[in-house]
Amino acid sequence: MNAHSGPGQSRTTETRRRPRRPRTGRIAVLCAFIVPLAALAFFLAPTGHAGLTKVVQVNGTAISVPSGARVSDLAELSALVARDGPTLDVAGDVTALEGGLPAVRHLDGLSLDDVYHLRDGAVITVRHGGPVAERIYRQSEEIPSETVYAGEGNIVSFVQWGAPGQREFYDGMFSGKRAASLVTTPVTHTVYRLDSTPQPGQKLAALTFDDGPGTHTHSVLDALAARHIPATFFVLGSSASAYPDIIQRMRDEGHEIENHTWSHPWLTKVSAETFNSQIQRTNAVIGGSRYLRPPYGDTNSTVRARAAALGLQLAFWTVDTRDWERQEVEAIMSHVKAETQPGAIILMHDGGDNRLQTVAAVPVIIDWLFEQGYSLTTVDQIL
Ligand code: NI
């Protein structure tokens, strides 16, 4: 081959030219042989003459097989081994080697198992089956709305109502594994604001309860506790001494405890000595007080002066619910709605009689006051 390069040519030219001419010559020579051979094979192949081979493509790789080979003869060929896909759980872990998509073994687009003859140039495609994930089931649960009290102090204002949310879970049917969880409806919380001093423009109202403690006082306290509403209790010393546990609960739950005398006399009709005894015995039981609410609202300048001498200020009311008449809640509410103004001190009774109607009215009054934009607090924040 080197004979073609001339002595006067540069080395660069020589190397560039050298492969060309011999290749052209070689192809021509090969063609001269192959074409007749191919033609011969074409005519001989159908007769299955021994010594000739067929070429099949298995996943793109050419494989020679003996002439006359059938599909069944390929069974031992490792390239044709394909397995079905595995089963996966929702986390992607294999839970079984079977159960996935079936393996693919195709010859010219037909299932390999259905073809008998293996023709020359056949295209065989072999593929493992893909995985199949377990089924997922969906569950949902409610996200409960909570009640939030923001801030500190005994002035309670309503800010917003809450609503429950919804969360969905997607779990593997068999593994029980959690594939995903998502909030489909966000929860909103019921919010109250607490202040320790009145804010500019804030409308205040105070719930007050007289003549207790008694057998219904716990129910009143429960109704107040349900909304964390502070109230003011004008207690009788004689009852307070009989129910020290209720007095303690009032204190623990942030209520204001004030003086309503020892035994509920008409204060304009008692002696100075009796007056002082009524007040001081009660103070001894409740640990002192700042306000005196005279029974029946019965007062005059003497009562005022005697109270002041003991360091007490008189405290009356601006809204008389007349709950002591044992009216229905609606009737109680009609008084509240008609008489409530900013700075309202609302009179009710937790002692002295059956107070079921008062217990029932408490949450209704609270809701109505909040709806009207009132903040609820104790008497000492208003007087
Ligand atoms: Ni009273």
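Treat the numbers as computed from the prediction; the structure is a model and nothing was measured.

(A) The arrangement of the side chain of T321 in detail. Mapped onto the secondary structure, T321 falls in the loop between β20 (319-320) and α8 (329-339). There is a polar contact of 2.7 Å between the side chain of T321 and the backbone oxygen of L347. When residues no more than four places from it in sequence are discounted, the contact partners of T321 are Q327, I332, H335, V336, I346, L347 and M348.

(B) Just a nonpolar patch on the surface, in detail. Together, Y137, M173 and F174 make up an exposed nonpolar region whose accessible area comes to about 340 Å². In this structure, Y137 sits in strand β9 (residues 136-143).

(C) Broad picture of the packing of helix α3 (residues 217-225) against helix α5 (residues 244-252). Orientation of α3 relative to α5, taken along the N-to-C sense of each, is 15°, at an axis distance of 11 Å. The angle between α3 and α5 falls in the class roughly parallel. Here α3 and α5 pass one another in a crossing that is left-handed. Two secondary-structure elements touch here, α3 through T217, H218, L221, D222 and A225 and α5 through D245, I246, R249 and M250. In the contact of α3 with α5, the residues fall into four nonpolar, two polar and three charged.

(D) Representation of the sheet that holds strand β8 (residues 132-133). Across the sheet, three strands lie side by side as β4-β3-β8; this open sheet has mixed pairing. Two strands in the sheet have a free side with no partner beyond their single neighbour: β4 (94-96) and β8.

Analysis parameters
Residues numbered from 1 in each chain as written. Predicted model: local features only at pLDDT ≥ 70, side-chain atom pairs only at ≥ 80, totals over all residues. Heavy atoms only, no water. Helix = DSSP H or I, 4+ residues; strand = E, 2+ residues; numbered from the N terminus. Polar contact = N/O pair within 3.5 Å; in protein donor to acceptor, adjacent residues only side chain to side chain. Contact = heavy atoms within 4.5 Å. Patch = residues over 30% accessible without salt bridge, like charges linked within 9 Å, V, L, I, M, F, W, Y side chains within 5 Å. Areas by Shrake-Rupley, 256 points an atom, 1.4 Å probe, with all protein chains shown as cover. Salt bridge = Lys/Arg side-chain N within 4 Å of Asp/Glu carboxyl O. Axes fitted to C-alpha atoms, helices over the stretch in contact; angles between N-to-C directions. Parallel < 35°, antiparallel > 145°, perpendicular 65-115°, else oblique. Left-handed = near helix turned anticlockwise from the far one by under 90°. Nonpolar A, V, L, I, M, F, W, Y, C, P; charged D, E, K, R; others polar. Pairing = 2+ DSSP bridges.

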